[in-house]
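This is what each chain is made of:
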Amino acid sequence: SSPGIQSVSFDRSSHDRLAPGSDNWPITWADDGHQYTSWGDGGGFGGTNSDGRVSLGVARIEGGWNNYRGFNIWGGMNPESRADFGGKSYGIISIDGVLYMWVGPGSGPKNFNEARLYRSTNHGASWRGASWKFTKSEGLMMPTILQFGRDYAGAKDNFVYHYFIEPQDDNDLLIQKPGRIYLLRVHKDDIFSSKSNYQYFNGLDFAGKPNWSNNIGNKKPVFEDPNGVGWNVAVSYNAGLGRYLLTMEHAKSHASNLGIFDAPEPW
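Residues numbered from 1 in each chain as written. Predicted model: local features only at pLDDT ≥ 70, side-chain atom pairs only at ≥ 80, totals over all residues. Heavy atoms only, no water.

**Q** Describe the pattern of salt bridges, listing the residues and the values that go with them.
**A** Considering all chains together, one arrives at 12 salt bridges under this definition. Taking the shortest distance from any N to any O, the salt bridge between K133 and E114 comes out at 3.1 Å. Residue K133 is located in the loop between strand 8 (128–129) and strand 9 (134–135), and its partner E114 is located in strand 7 (residues 114–120); the two are separated by 19 residues in the primary sequence. Take E114: its relative accessible area is 16%, and that puts it in the buried class. (Salt bridge = Lys/Arg side-chain N within 4 Å of Asp/Glu carboxyl O. Helix = DSSP H or I, 4+ residues; strand = E, 2+ residues; numbered from the N terminus. Buried < 20%, exposed > 50% of the residue type's maximum accessible area, 1.4 Å probe, protein only.)

**Q** Before we move on, could you go through the packing of aromatic side chains and cite the residues and values that matter?
**A** Counted under the stated rule, the structure contains 21 aromatic pairs. A connected cluster of aromatic rings, assembled from ring pairs, spans W102, W132, F134, F164 and Y198. Across the ring face of F192, the terminal group of R119 is positioned such that the distance to the ring centre comes to 5.9 Å. A cation over a ring is seen here: R185 above F159, with NZ or CZ 3.8 Å from the ring centre. (Phe/Tyr/Trp six-rings, centres within 6.5 Å; stacked < 30°, edge-to-face > 60°. Lys NZ or Arg CZ within 6 Å of the ring centre and 35° of its normal.)

**Q** Lay out the nonpolar core in plain terms, naming residues and giving numbers.
**A** Counting residues in hydrophobic clusters, the biggest one holds 45 residues, and the most contacted among them are W102, F134, I181 and I191. Residues contacting F134, with those up to four places away along its chain left out, are W102, N113, E114, A115, L140, M141, F164, L184, K195 and Y200. A30, Y36, L99 and W127 belong to the second largest nonpolar core, which has 12 residues in total. (Core = buried A, V, L, I, M, F, W, Y, C linked by side-chain atoms within 4.5 Å. Contact = heavy atoms within 4.5 Å.)

**Q** Summarise unusual backbone geometry; cite the residues concerned and give the values.
**A** Omega for the bond connecting K177 with P178 falls within 30 degrees of zero, at -10°, which places this linkage in the cis form. Considering the arrangement of structural elements, one finds P178 in the loop between strand 11 (159–165) and strand 12 (179–187). We note that N24 has phi near 85°; this positive angle belongs to a residue other than glycine. Tracing the sequence through the fold places N24 in strand 1 (residues 23–29). In this structure, N78 is a non-glycine residue whose phi angle is positive, near 50°. Its location among the elements puts N78 in the loop between strand 4 (69–74) and strand 5 (88–95).

See the structure below:
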């Protein structure tokens, strides 16, 4: 039980589908007031599972909760720019007007091969990949990025926090058992330049403060569940509640099982 959240309910009347055939949809709030999201497969907004289908696309969402519209920026049906590489993404962030997106090389088991960061300085119209990557052998895969309000303006410090699952079964996109999620941080000015800039959560000290290490061999999980963790993870800070919310598929894959977990700190 959460000490801060007594219950969760969903208003099913608000459910809508505007991009059938496309999935994943990590999302971030950018400097221009719009939200930016990526999808896997399908044609994105206005497309279907076959019309405009791309392996990876990026879209812009304009408007409020009751009048929003989606526009395909990069790839998909009638895009503003054509997609020029494929893959899948489960983490995207806007920081100081720049979009960053983690990308795995493809569908299914290929997602476990590597995670490479991409950068866009024109709100998603074009992307450039980093020269470095994380690989399956390092036990870190399919990352997402902690959301901190508009353009990361709500952040409590100058670090950007990234959550990686530990791959246990790379035969397909399944619940990974036993489940472990690791936390990495990097200064927001150094997010793209080098893998060596990243620090790994290394447990808590006697005062309950996090320890950080530049040695990947010292990493320790921030979330564990023997029943497993899902392969599509999202984490965001809810300023109204003052809590960090982690959501993911839970217990069994492809079964509409949503797990919601909360904490007072990113770790």
